[in-house]
Every structure is written in C-alpha cells, then in structure tokens.
Amino acid sequence: MSHPARIGGYKPRGSGRVGSYGPALIPLCLIFIPVLIRLSLDFLEPETIRDFSAGLSSAQNWRIYGFSLGQAALSALLAVLLGFPAAFMSSRWAFPGKRFLRSIFSIPFVLPALLLALGLSGFLGKAGILNRFLSLFGIPSLNFIYGLRGILIAHVIFNFPLAARLIGSALAQAHPGSEEAAALLGAGKVRVFFTIILPEALPGILSAFFLSFLYCFQSFSIVLIFGGGPRFTTLELGIYQAMRLSFQAGDAAALALLELMTGLILAFLYAHFSRGRPLMASLRPKLLHKAGGWQKGFGILYLGLAAFLILGPLISIIIQAFSAPSLRARFGSPSLLNFINLFSTSSAASSWKALGTSILLGLCSASLALCLALIANAGPMRRRGPSYAIILSILPLAISPLILSRALKPVLGFLPSFISLCIFHAALALPLASQSIYAGLAKLPGSLEEAALSLGASPLRAWWEIRLPLLKQSIMSAFLFSFCISVGDLSGPLSLAQDGIQPLSLLIARLAGAYRFPQASALGLILLIMTGLAFALVEDA
Amino acid sequence: MHCHNSHRFSTFLARAVCALGLVTISLLSLLSCAAKAKDELVIYAYDSFVSEWGTGPLVMPLFEKATGIKASLVSRGDSGAVLAALIEEKAKPQADVVVGIDQYILFQADRADVLETYLPKGIEDIDPSLRFDPKGRLCPYDYGHFAIIWDTQALQAPPRSLAELALPAYKGKLILMDPRSSTPGLGFLAWTLSAYGKDWEAYWRSLKPSILTISSGWDSGYGLFVSGEAPLVLSYATSPAYHRWAEQSDRYQALDFAEGHPLQIEGAAIVKGTRNRKNAERFMDFILSKEFQAEIPLSNWMYPVRSDIELPPAYSRAIRPKTLPLPDASLLSSALELWQDVASR
C-alpha cells in the first residue's frame, strides 16, 4: 500500500493545524523547563557570570568543543558508510543469512559504559580475542583500540546498526515502481542507483548521520578509555569536572550551554530528516530481487564483517561472564561460578532484588514515557499532520543525561528514589517513544477515526476503540525501547538513587568498584539478554 | 498473516500497557504527597562505602544497636559528587554527617565552608600526622597509599621508581586514571607534583609514551588491567591484599617506589547547619570506636586510623611505602587546570 506522496522518501510539509502543536509541547515543556530553570538559577550568583564568560573565552574549552564535534562527525560518517550496505541489501536483495543479519542488527548496546569498554577491549584489546587469534599465526599483539582510531571503532560499532535501521526504513518506504520504470527505460544499474535509490535513501542517510553525530557528541567514558589520554576529551567530561571537582557552576553552565545548543541543532536536523520514520522499524522490504552471483558474494562478505563487529564485544562479555574468577588465565575454563556467586550465596537476595527493581522500574518508566508520548501525539489524526510537532518532541534528545539529572535533581530530590528514577527514565526515553508513536500515526488512514467521531463517538472513546488498537505495533515498540533505555541507564541511579534502591546497572557498577569484575560481566550479560529479548519482541511485533 | 486470536491479544496488550501507564501516573502523584520521615540521622557517603561490599552495611547496624539512633546512609556517587551535593544544599542541608572527604578535596570543602568543627572522643589517641584538617572539622577514619600495581605474569622486570616508569621499556604498559574524574587519578597528579615540584610538566611529557590509556574512573581502568590489557595500573597499595584475601593469589603486587608514595587520608565531619547535632556527634564518636575501625581493612581496603586494630593476614601483601608530603593546594589546583594541555602534548 503505497501513497504517491511518499515517493520522494518523505512527506511534503502539510497544512498543520495549530491545535496539534499543543500536545507535542507538553513533553517538551516537562523536560526543558527544569533545565532552563536550573541554568538560570545558576546565573543568580555574580561569581557564576564571571566564570561563565571565562569559560566561554577559554581556548581550552573551545579546543575540547572542536574535538567533540570532529570525532563525532567522523564517527557518524563511518557509521553511515558501514550501515548503508546493510540497509540497501536487506531492502533490495534476497540472500542467505539475511534473517541472521536482521536479528544481529537488533542487538542493542544499552550497556553501561564500563561493560561496553570491557566488552570491546576483550574483543579488540591487546589481550583480546582478535589478538589471541592472530598470535596463533605468530603475529605479535597489535594495537587496535587505543588512540583516535579506538574512539572511532567503538563509536562505529555502537552506531552503525542504528544507521542501518534508519536508512533501511527510508528505503523500505520508497516506491519500488520508479526503479523498475527507470530500468525499463534503459537506465543502467549505476544510473538507477545514483538517480533514484540514493535520493530515496538520502533523508534516511542524513537522519542516521545526525543521530549518530548527537550520540557520539555526548559520549564521555568511551572517548576517555579508548582515546588513550587527555588529548581526547569531550565536552561532557568538561562539564563533569566543573561540577564535581572544581565546583565552578559558571564554567559548567558555559559548557552545558554550548553542548545544549549544539545538541539542539543536531536533534533538530535528525528530527527534520527522519520525520515519520521510527528508529525501531524493522528492515522489512517491499520488493526483493534474488541476489545474483557477485551480489551474493558481496552480501556474505559484508554479513561476515557486520557480524564480526557486532558479535565480537558480545562474545567477549559472554566469555568473561563464564570465566572463573581465577587469576591464572584470562579466558579460564568455562564455569558458572560467577552466576553461582551472584545468585546462591549471601548476595543472592540483592541480585534478585536488583533484577526485580530493574524490571519494575523499566516497566513503570516505559509506561510513563508511553503515556506522555501518546499525549504528545493526541492531536487529530491526519495524514499530513504538522511535521514540526514531532520535531518539538524529539528536541529533548539534545539534553545529555548528565545535564538532565542535574536539572531534575532539585525537582525530584524530595521524592522517593523509585519515583524520581521512574520520571527521569521516562524523560530520557520520551523523545524516541514519541517519535515511534508519531511514525505509527503517520501510516494510519485518518478516515476511520473521523468516521467514528462523526457517528457520535466521544473523542476519548474514538481514541480508546480506534486509535489505540491501530497503533498497537508502535505502542509496543515505543514501550520496549523505553524499557531498554531505563534498564541500561546508570546516570540516573548514580545521581538520584538515595534510599537504598539498587537497579542492575548500579549493582554492576558497585561490583566493579569492589574488584568483582567477573561477576559484573555475568550480571551485564543478564542485562544484555533482557534488552535483547525486548528488542526481539519489537522485531516480531 | 496474523490469526484472529493473536490480533486480539496484541490489542489487549496495547491497552494494558496504556492502562499501566495511567496507573503509574496516578500512583506517582499519590506517593509524592506522602512526606518522608525527617527525624533520622542522614549520612552522606561515596558509593563504594554504601555498597553491599563496603563498610556501611557492616557498621550501621552496630551504630543503631549501640546508640538506638535511627540513621540512614545515603550514596551520592563518588567523593567529588558527595561534596558537590553538600555545596548545592548549603542553604538547606539535608545531611547531618558526611563520610569520605580526603586531603585532596579538603581545600574545596574549606572554600565552600560546609563543615562544622567537632573533636570526637578518642581523637587525641590518633597519630597527629593523620589529623589532616588543621581546623578540626574532618576526623580521619582510614588511610592508605596510592601505588602502581604490577601483573607479575605479564612483565618480568617492573619499574622501581616514578623515574623508571617513564623508561622506553614500559612503552604502552601503564593504565592511569583521569585526575578530573577519579580520586586515584588526582592522587597520581599530586604524586608527580610532590616528587618533581616545578618539573612536573617535564615528567609528564616523558611519561606519556608509557601510558596505554587514561580511564575516567578507577573501575574501568582496573578492569582493563585485570583483563590483561596492560601489566601496570594505578591503584592502592592495599590492592594485593584484596587479591590475596578473595582469590588466594599473589599475581598482582604493589610496587614500592623510591621517591615515596602519596597518602590518602579519608575523613568524616558534621555538616554545617545540621538539626541533629547531638546525634551527629555520637556518630562521629562511633567512627573512632573499635567496632567501626575493625571493619575498615576488609571492606574499605584501607588502614584503620586506630593503632590497636589487628590487621587481617592478607595485609601482609600490602606495602607500607615511604610517605611523600602533600603538594601545596594552590599548586594542585593550578596543575589540574594545566594538566590536560601538559599531558596531551
């Protein structure tokens, strides 16, 4: 079922009703107002204003800013380059192993930074899987991941599946007829690619680029760990330092403002180009060609590379989780000891409790995020809805978790920890949840709801009886995606948890902080399996 | 295509999820009206003190049993974040006692003026060199040296001094932590300042090739070390005691450096503006009690400040190196500003 308006890849801007902006503003205000209040409260002190201008005129800050931008742009470019073939192949060709490709692209990396670092170093590090494999052939240990290339490799691995998804959903929405028509009229394959396929994919490519750009721009621990030194520092670390070490609210505010402004531009560009395409759409094609000889070869080669990059860190976490915590060898004999230590000794109670807390927190914050997302998209269902309404609800992506937790702390500080964490996670997940609902809405025929309304159903009833059931797929994917964000987040529990509440991510950090790294990996694997299951459900929805 | 039943079920799921959201919202608004109890003693501490393997869970029941005072121990992240929380709440303090301010952030606490003076019972018996706050606000409860830990299975001849650490033999073999985001990282910067004085910049330039990476926190840096990424890591002189105690292994050993080592002394204090001064004083007295001090070695992995506590056998693996004097606070803070430039050159 294709619509002529979609041939160009994204819909032209429609005649939006002003009323529809209203609901979209609700989540925006919920998140932005505390941030703005926080920033302006900081400026009440004269000392802050002095520090602020000093912070803005500091050459070092601008160097950090330049580096943050540069590494993020490069990482995003590479992620898009690597993600494009996957998107293209799965939307056009049928080849063996495609299902496998699709399912490994759903493996989400929502792990806390510590585990990402351990996973990646266990894979590509000096004593990692790859170097061990090479040493079988007498090749000495190579340095893959420390230095600028380490940052790029880490960012690409964690971002290219995302890029593949976004580009894939753009290509899947494209009109297959135009390619065939062009081919019939005698255009060669290369020409079809450059004049039809590439323009169709362009909004997807750009949205993938800007979202990866934004994520890498806000990156902090990964940059420091793999950058191999202070030369590579991002703005986020500068904010952390100003807040926690030198206690210069003005400097922190200057950096935060810089980060926020840049983030807003990036989030706007992402939202602009991704209109109507959800992050979580499955790569389901409309038209398939059977892959020819060289295509098959290329597909398999690429599949190998993608699987290698995504599965490597995963396998290394699995190995670490099942290695006995002995000090004799890194990859000791396989053992369940870490899991036994976690779940049958004196710490069993807290492990189970952390698991339960994470699940409950994930469910509550995801349903809260979902409700807010539905409210944001409560406007009348129209095919050409106001596209800028969705941009408004995506903008909060620009706020990094560090800034958000600091802004929400005075508001949420007096609430019980579970509740404040629930609200914080909902705020983190809201932009993407909202986008998922919007995308689902854009695909629906508006006539059904209008018919119900004209037959006398109340708006609430029309919403409950018609819109909700029709949106169920988007609802489930928004919900599960928000769940994963909540389960993987550590910034919230670290800054907002006060009365002994301990979700999995915090327990993992505490295990590592008390020398218990193998157990931390084991628990990390459990967290990864939980989010993996959630994503598999989205894929099936 | 979907069969009818699964279609109905997923519609039901979508509705159930929305209903759950509505229930959550109403529960949240209901619960947020419930006020919290205000009379208990609130103690802020860094996260590893509060965690299940830390000292907190061991000593809090002892305190409540001995005094009958209800107390709650609150984690505020790392020690920098604990101080940041005190400064943020200065106008309306939420905590009565703070645990975990060391010499390296004392000057920040000083400048912000968030602590009250109190000399707990028994402070006169504590080694005067450990009583690091001249104004008598912070009471020391434990101490330990920073040290470079060596993986004996991955490196034959370890360095014997800071100077040797910069030799080409150790190229890419050292993992450090960032002084801007980690306590040992700040300790190492202070170490180079104490040992090299004004020449600290030159030392860092010569050290640069030896550094494999600088992590944001102790946990990721030490994690990389244990996974075999490098044979040398910045940590504490007591780390080998942990491996001895938990893993019965002497693979990881602390290196005793010729220049001497910086000492970290952790202190606790009463928060300025507390409404529970009497109970806070009793907690401060408790910190120097034998019960509290005896739990320190195997939970906080530091030395207790009381000299009459018997150390566990695993502590024979910890080293007791020569102590270097603390660098001047102003030198440390200016070095912190310059460090990024210096270490990147």
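What counts, and at which threshold
- Residues numbered from 1 in each chain as written.
- Chains lettered and ligands numbered in written order.
- Predicted model: local features only at pLDDT ≥ 70, side-chain atom pairs only at ≥ 80, totals over all residues.
- Heavy atoms only, no water.
- Helix = DSSP H or I, 4+ residues; strand = E, 2+ residues; numbered from the N terminus.
- Buried < 20%, exposed > 50% of the residue type's maximum accessible area, 1.4 Å probe, protein only.
- Contact = heavy atoms within 4.5 Å.
- Areas by Shrake-Rupley, 256 points an atom, 1.4 Å probe, with all protein chains shown as cover.
- Buried area = accessible area lost by both parts, 1.4 Å probe.
- Salt bridge = Lys/Arg side-chain N within 4 Å of Asp/Glu carboxyl O.
- Polar contact = N/O pair within 3.5 Å; in protein donor to acceptor, adjacent residues only side chain to side chain.
- Nonpolar A, V, L, I, M, F, W, Y, C, P; charged D, E, K, R; others polar.
- 1 Å grid on protein atoms, 1.4 Å probe; cavity = no way out; pocket = protein on both sides within 12 Å on 5 of 7 lines; lining within 4 Å.
- Points joined across faces, edges and corners; volume = space filled by probe spheres on them.
- pLDDT = per-residue confidence, 0-100.
- Expected span 1.5 Å × (residues − 1).
- Bend = angle between axes of the 7 residues up to and from the residue.
- Phe/Tyr/Trp six-rings, centres within 6.5 Å; stacked < 30°, edge-to-face > 60°.
- Axes fitted to C-alpha atoms, helices over the stretch in contact; angles between N-to-C directions.
- Parallel < 35°, antiparallel > 145°, perpendicular 65-115°, else oblique.
- Left-handed = near helix turned anticlockwise from the far one by under 90°.
- Pairing = 2+ DSSP bridges.

Caption draft 1: Just the overall build of chain A, in detail. Along the backbone of chain A there are 24 helices and two strands. For chain A, with 541 residues in total, the buried portion stands at 63%. Considering only intrachain contacts with a sequence separation of at least 6, the fraction spanning at least 24 residues in chain A is 81%. On chain A, roughly 20,200 Å² of surface is accessible, and the fraction owed to carbon and sulfur atoms is 71%.

Caption draft 2: Quick peek at the overall build of chain B. Each helix and strand in chain B was counted, giving 13 helices and 11 strands. In terms of overall dimensions, chain B has a C-alpha envelope of 70 × 65 × 40 Å along the principal axes. Relative to its full complement of 345 residues, chain B shows a buried share of 59%. Expressed as a percentage of contacts within chain B between residues at least 6 apart in sequence, the contacts between residues at least 24 apart total 77%.

Caption draft 3: Representation of the interface of chain B and chain A in the model. Chain B puts 75 residues into the contact, and the matching count from chain A is 78 residues. At the boundary of chain B with chain A, total buried surface from both sides reaches about 6,600 Å², with 62% on carbon and sulfur atoms. Interface area lost by chain B to chain A is led by R15, W53 and R180 of chain B, which between them contribute 12%. R63 of chain A is paired through a salt bridge with D341 of chain B; the nearest N and O atoms lie 2.7 Å apart. Across the chain B-chain A interface, the total number found is eight residue pairs in polar contact (both at pLDDT 80 or more). Among the elements that make up the side of chain B that touches chain A, the one with the highest residue count is helix α1 (residues 4–33) of chain B (16 residues). Tallied by class, residues from the side of chain B that touches chain A come to 31 nonpolar, 27 polar and 17 charged.

Caption draft 4: Looking closely at the pattern of salt bridges. Residue and element names in this part refer to chain B. Within this structure, the stated rule accounts for 16 salt bridges over all chains. Between R277 and E116 there is a salt bridge; the shortest N-O distance is 2.6 Å. Taken together, the residues span a long stretch of sequence, with R277 in helix α11 (residues 277–287) and E116 in strand β4 (residues 115–116) at a distance of 161 residues. Judged by relative accessible area, which is 18%, E116 ranks as buried. With a shortest N-O distance of 3.0 Å, D133 and R137 are connected by a salt bridge. An identical accessibility class is assigned to D133 and R137; each is buried.

Caption draft 5: A look at empty space enclosed by the protein. All names here are of chain A. One pass over the structure, following the stated rule, counts eight cavities of 30 Å³ or more. The volume enclosed by the second largest cavity comes to roughly 90 Å³. Contributing to the lining of the second largest cavity are 13 residues, with L39, D42, A256, I403 and R406 lying nearest its centre. Sorting the residues of the lining of the second largest cavity by element identifies α1 (21–42), α11 (235–244), α12 (249–274) and α17 (401–412) as the ones contributing at least two each.

Caption draft 6: Highlighting the side chain of D96 of chain B. Residues and elements named next belong to chain B. Relative to the assigned elements, D96 resides in the loop between α4 (79–88) and β3 (97–102). A distance of 2.8 Å separates polar atoms of two side chains, one belonging to D96 and the other to T274. Apart from residues no more than four positions distant in its own chain, D96 is found in contact with E40, L41, V42, A269, I270, V271, T274, R275, N276 and A280.

Caption draft 7: How the structure looks around the side chain of S72 of chain B. All names here are of chain B. Note on placement: S72 falls in strand β2 (residues 71–75). For S72, a relative accessible area of 18% translates into the label buried. For S72, the side chain forms a polar contact with the side chain of E40, separated by 3.3 Å.

Caption draft 8: Quick peek at the confidence of the model for chain A. Considering every residue of chain A, the mean pLDDT works out to 78; 85% of them sit at 70 or more. Within chain A, the lowest mean pLDDT, 63, falls on strand β2 (residues 289–290) of chain A, and the highest, 89, falls on helix α15 (residues 348–376) of chain A.

Caption draft 9: Here's a closer look at helix α18 (residues 417–443) of chain A. Residues and elements named next belong to chain A. Helix length check: α18 (27 residues) gives 39 Å between terminal C-alpha atoms against 39 Å at 1.5 Å per residue, within 8%. Along its length, α18 reaches its greatest deviation from straightness, about 50 degrees, at L430, and the proline P431 lies no more than four positions downstream. Burial analysis of α18 places 24 of its 27 residues in the buried class, the great majority of the element.

Caption draft 10: How the structure looks around unusual backbone geometry. Residue and element names in this part refer to chain B. Phi is positive for Q248, which is not a glycine, with a value near 50 degrees. Inspection of the secondary structure assignment puts Q248 in the loop between α10 (239–247) and β9 (252–255). Backbone geometry at W301 places phi at a positive 55 degrees, although glycine is not the residue there. By the element assignment, W301 lies in the loop between α12 (290–299) and β11 (303–304).

Caption draft 11: Representation of the packing of aromatic side chains in the model. Residues and elements named next belong to chain B. Scanning the model with the defined rule gives 40 aromatic pairs over all chains in all. Measuring from centroid to centroid gives 6.2 Å for Y104 and F146, while their planes differ by 50 degrees, and the two rings are tilted. Separated by 42 residues along the polypeptide, Y104 in helix α5 (residues 103–112) and F146 in strand β5 (residues 139–151) bring together distant segments of the chain. Relative to Y315, the ring of W301 lies with its centre 6.2 Å away and its plane at 0 degrees, an arrangement referred to as stacked. Within this pair, whereas W301 is found in the loop between α12 and β11, its partner Y315 is found in the loop between β11 and α13 (329–344), the two being separated by 14 residues in sequence. Of the residues examined, W301 reaches a relative accessible area of 8% and is grouped as buried.

Caption draft 12: Fine view of the packing of α15 of chain A against α18 of chain A. Residue and element names in this part refer to chain A. Taken N-terminus to C-terminus, the directions of α15 and α18 make an angle of 50 degrees; their axes are 7 Å apart at the nearest point. One way to sum up the angle between α15 and α18 is to call them oblique. For the pair α15 and α18, the crossing hand works out as right-handed. Contact residues: T357, L360, L361, C364, S365, L368, A369, L370, L372, A373, L374 and A376 in α15; F418, L421, C422, I423, H425, A426, A429, L430, A433, S434 and I437 in α18. Its residues placed into classes, the contact of α15 with α18 shows 19 nonpolar, four polar and no charged.

Caption draft 13: Inspection of the pairing of β5 of chain B at higher detail. Residues and elements named next belong to chain B. Within β5, 13 of the 13 residues are buried, which leaves the element mostly enclosed by the surrounding structure. In this sheet, strand β10 (residues 263–271) lies alongside β5 in antiparallel orientation, the contact comprising six bridges. Looking at the pairing, G144 lines up with Q264 of β10. Summarising the sheet, β5 and β11 pair through two bridges and their orientation is antiparallel. Considered in β11, the bridge of Y143 is made with Y303.

Caption draft 14: Expanded view of helix α21 (residues 472–488) of chain A. The end-to-end C-alpha distance of α21 of chain A is 24 Å, a good match for the 24 Å that 17 residues give at a rise of 1.5 Å each. In terms of burial, α21 of chain A is largely enclosed, as 16 of its 17 residues are buried.

Caption draft 15: Quick peek at the environment of A534 of chain A. Residue and element names in this part refer to chain A. Structurally, A534 is set in helix α24 (residues 517–540). Given a relative accessible area of 4%, A534 falls into the buried group. Along the chain, A534 and F479 lie 55 residues apart, while their C-alpha atoms are 9.4 Å from each other. With near-sequence residues (within four places) excluded, A534 lies in contact with L480, F483 and C484.

Caption draft 16: Structural view of the pairing of strand β8 (residues 232–236) of chain B. All names here are of chain B. When you tally the buried positions in β8, you get five out of five residues, the bulk of the element. Bridge count for β5 against β8 is five bridges, and the pairing is antiparallel. Among the inter-strand pairings, I149 is bridged to a residue of β8, identified as V233. Relative to β8, strand β6 (residues 174–177) runs parallel, the two being bridged by two bridges. For I175, the partnering residue across the bridge sits in β8 and is V233.

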